[in-house]
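Each chain, letter by letter, is given below.
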Amino acid sequence: MSSRIDKLMSEMTLAEKLGQLTMTASSYAVTGPIIAGDSTESIKDGTIGNLLNMVGPGPTREMQKLAIEHTRLGIPLLIGLDIIHGHKTLFPIPLAEAALFDEAAWELTAREAAIEGAADGLAMTFAPMLDVSRDLRWGRTAEGSGEDGWLATRMARAKVRGFQGSDLSKADAVAACAKHFCAYGPVTAGREYASVDISERTLHEVHLPPFEAAVEAGVATIMPAFTDLAGIPMTAHKALLKDYLRDRLGFDGVLVSDYNAIGELIRHGVAADLADAAALALKAGVDIDMMADGYRKGLPVALERGTVTMDDIDVCVRRVLKLKEDLGLFDDPYRRGATPQTEQAFAERRQLARKIGAQAITMMKNERDTLPLSPQIKRLSVIGPLADAGPEMRGCWWGAGEKEPHVGVLEGIRKGFPDTEIRHAAGTGIDSADHSDIAAALKLCNDTDAVLLCLGEATAMSGEAASRAYPQLPGSQLALAEAVFEYARERGVPVIVVLFSGRPLVIPQLAEKADALLACWFLGTEAGNAIADVVKGAVSPSGRTPMSWPRALGQVPIFFGQRNSGRPMNPDDFFTSKYLDVANTPLYPFGHGLTYGEFAYRNLRISADSAREADAITVTVDLTNSGKHAATETVFLFTHDKVASVARPLLELRGFGKITLKPGESGTVTLTLAASELRFLGIDLKPVFEAGEVEVLVGPCADRSQLLATSLQLR
């Protein structure tokens, strides 16, 4: 620790120390700054040391000035905001960004969001969310990278690098916050904030590795989840927060509670009162209390009771001061927000959002090459409640981008098809039970050349507190879709479904009847333009779904990394693992996504037939684009350990690569597989490297029937 911190620690009162451990929500009105449940006097007297939700160079500077110039010790404020998928310029939601399978792009969007946020006076973001989700009912699925823990580790590293940059003290860097530690995704029944109870193996194999990757990448802060794990709330989980995260992984950054999570320990039933709750969180190593006021009000009582010590408090205070020092706040508390962003910078960032948005679009179906449409198409009907819905394009965390202009589908199509007659009708509301406008919408399909049917969720139907028991088309949308399909089929008009959602939806009817289907997730600020770019063929779709899409809700949770059964499904044997009323397989597997090309895989080869733990294997496959358009193909590398001391998943993701080929062109993709990655947690949950045969599989998705396979012998 620095001499500056030592000096401050020697001078601080208990109230001032607890102020450094307190984060309070704030906002700004015409009358000036507003502190939730408090006043700016608490900043002046040093009893609030951290703020969230304050934004803008003017307001943040004003608040910082209070702390620097009007407090006894002049300790700067730490000011943070949720910058999840952009700040003012909104990029696709994280689940959609995951569909790029492009670590450089993930890092770039985080870097640009950090630059924008820091220019607004912010020094911290509450991102990335690293929770693995295999249950599409859970609303926060939208904020993560999907169903695979290995993929989440790659997202973790990229986002931490992007947000924090090469030097955390620079004016354009913000402290990242890896959340929600850990296993928040498998909440009971997909219901937000519900209890979690999973095996130790699943915890260590699936849910902890992304946080380990974030720590390795140097993440500055980590946020425990609201939830409990097998009865122990994460905010008070000493075994995981202190013993695992701090002692085993060596994380020495700041742990910040989620919103009021310390106070909620009382409702969890593990704390009798606020002092009890504060003591539990502090003993577990939580440094900053967000919005519970548990540390300011509860820790003095806990000190009197003897349930905490001043040494416990001092350790946390030192970590908070160290973070502020690392951010350069002591040296220049006004560096963030000092240089405004130019209009050119915003324009360039919007172009990046458009590019990333187009790459995130996942084409699930394209019968008879329905897409792309010719830019010279004469008449195009744009139908559905999400056709002219710019604000719905934002996604579930819009940060400071709420009032920014967001391009809807209709606007983007009109710009992209300037010589085409564009017809539009909503047909119904997003969540409306009203059918009365469907007939009028159908009339616009007369004499049209194609229909863009824009359906899906409202942006508020995913994200925090947005679990859905029926994750399907809401309201009367399915009725609208069925009517359009029938009407268009009778007239020979192709129907392209443009589907918006923060999760995979249960959409068997759309998958069966649409001529083409684009999963557009929520693409952010430039959504409409990105969609138009793909529809007219200016960009070939290249997104791949990072989650399996079920045929029926009863299949959930469904994911590619399942283990085999002693009675795997066999159509010739009744007593095997199956459903009576639906296939075991997903509607669309992990990694599925079509392009405007047509790729054939051949000649899979590996650099050695056997390997020891220290070896690296080169995996090579040849591809040919036999389609009519240039396109980019994503190539996945999986493995399967056939016989092991602990049964291994049927497929484990080990890598991915990309190749862009023109029509008729061939090329080669080379991937590297470190044999050490084939270690797994043994019977005692300790890593083992076992001799034996491992399948190496390569292809376009997690559907075994589409994968080429060879074998590697581990020695």
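Here the structure is a predicted model, which means the values were calculated and not measured.

Caption draft 1: Structural view of the layout of surface pockets. Within this model, the largest pocket holds a volume of roughly 1,400 Å³. Lining the largest pocket are 48 residues; nearest its centre among them are Trp 150, His 204, Glu 205, Val 206 and Pro 209. At the level of elements, α7 (149–164), α8 (200–207), α9 (209–216), α10 (238–248), β22 (652–661) and β24 (680–681) are the ones that each hand at least two residues to the lining of the largest pocket. With six residues, α8 is the single largest residue contributor to the lining of the largest pocket. Looking at side-chain class alone, the lining of the second largest pocket contains 14 nonpolar, nine polar and five charged residues.

Caption draft 2: The sheet that holds strand β23 (residues 666–674), seen in detail. Taken in spatial order, the three strands make up an open sheet running β18-β20-β23, and their pairing is antiparallel. On the outer flanks of this sheet lie β18 (599–606) and β23, each paired with one strand and no other. Taken over all neighbouring pairs, the strand axes of this sheet differ in orientation by 25 degrees on average, direction set aside. Looking at chain direction, strand β20 (residues 616–625) and β23 are connected through nine bridges and run antiparallel. Looking across to β23, one finds that Val 619 is bridged to Leu 671.

Caption draft 3: Representation of the side chain of Glu 325 within the structure. Among the secondary structure elements, Glu 325 is positioned in helix α14 (residues 310–326). Only 2.8 Å separates the side chain of Glu 325 from the side chain of Ser 2, close enough to count as a polar contact. When neighbours within four sequence positions are excluded, Glu 325 is seen to be in contact with Ser 2, Arg 4, Ile 5 and Phe 330.

Caption draft 4: Structural view of empty space enclosed by the protein. For the coordinates displayed, the defined rule picks out three cavities of 30 Å³ or more. In this structure, the largest cavity spans a volume of roughly 80 Å³. If you go around the largest cavity, the residues you meet are Ile 84, Pro 94, Ala 127, Pro 128, Met 129, Glu 143, Gly 144, Met 155, Lys 159 and Phe 163. Of the residues contributing to the lining of the largest cavity, the split by class is seven nonpolar, one polar and two charged. What the second largest cavity holds in volume is close to 70 Å³. Lining the second largest cavity are 13 residues; nearest its centre among them are Ile 84, His 85, Gly 86, Thr 109 and Lys 159. Broken down by secondary-structure element, the contributors of at least two residues to the lining of the second largest cavity are α5 (94–98), α6 (103–119) and α7. Here the lining of the second largest cavity takes three residues from α6, the largest share from any one element. When its residues are assigned to classes, the lining of the second largest cavity shows eight nonpolar, three polar and two charged.

Caption draft 5: Main features of the pattern of salt bridges. As enumerated under the stated definition, the model contains 49 salt bridges in all. The salt bridge partner of Glu 16 is Arg 72, with a shortest N-O separation of 2.6 Å. Placement of the pair is Glu 16 in helix α2 (residues 14–20) and Arg 72 in the loop between α4 (57–69) and β4 (78–81), with a sequence separation of 56 residues. Among the residues examined, Glu 16 registers a relative accessible area of 9% and is labelled buried. Overlapping salt bridges bring together Arg 201, Glu 205, Arg 563, Arg 648, Glu 652 and Arg 654 as one network.

Caption draft 6: Structural context of the confidence of the model for the protein. Looking at the protein as a whole, its pLDDT mean stands at 97, while 99% of the residues score no less than 70. Of all the helices and strands in the protein, strand β2 (residues 32–35) carries the lowest mean pLDDT, 76, while strand β17 (residues 516–519) carries the highest, 99.

Caption draft 7: The arrangement of the sheet that holds strand β13 (residues 379–383) in detail. The six strands lie next to each other as β12-β17-β16-β15-β13-β14, forming an open sheet whose pairing is mixed. Taken across any chain shown, the strands that pair with only one partner, and hence form the sheet edges, are β12 (362–366) and β14 (421–425). Going from strand to strand, the sheet's axes swing by 15 degrees on average, the running direction of each strand aside.

Calculation notes
Residues numbered from 1 in each chain as written. Predicted model: local features only at pLDDT ≥ 70, side-chain atom pairs only at ≥ 80, totals over all residues. Heavy atoms only, no water. 1 Å grid on protein atoms, 1.4 Å probe; cavity = no way out; pocket = protein on both sides within 12 Å on 5 of 7 lines; lining within 4 Å. Points joined across faces, edges and corners; volume = space filled by probe spheres on them. Helix = DSSP H or I, 4+ residues; strand = E, 2+ residues; numbered from the N terminus. Nonpolar A, V, L, I, M, F, W, Y, C, P; charged D, E, K, R; others polar. Pairing = 2+ DSSP bridges. Axes fitted to C-alpha atoms, helices over the stretch in contact; angles between N-to-C directions. Polar contact = N/O pair within 3.5 Å; in protein donor to acceptor, adjacent residues only side chain to side chain. Contact = heavy atoms within 4.5 Å. Salt bridge = Lys/Arg side-chain N within 4 Å of Asp/Glu carboxyl O. Buried < 20%, exposed > 50% of the residue type's maximum accessible area, 1.4 Å probe, protein only. pLDDT = per-residue confidence, 0-100.

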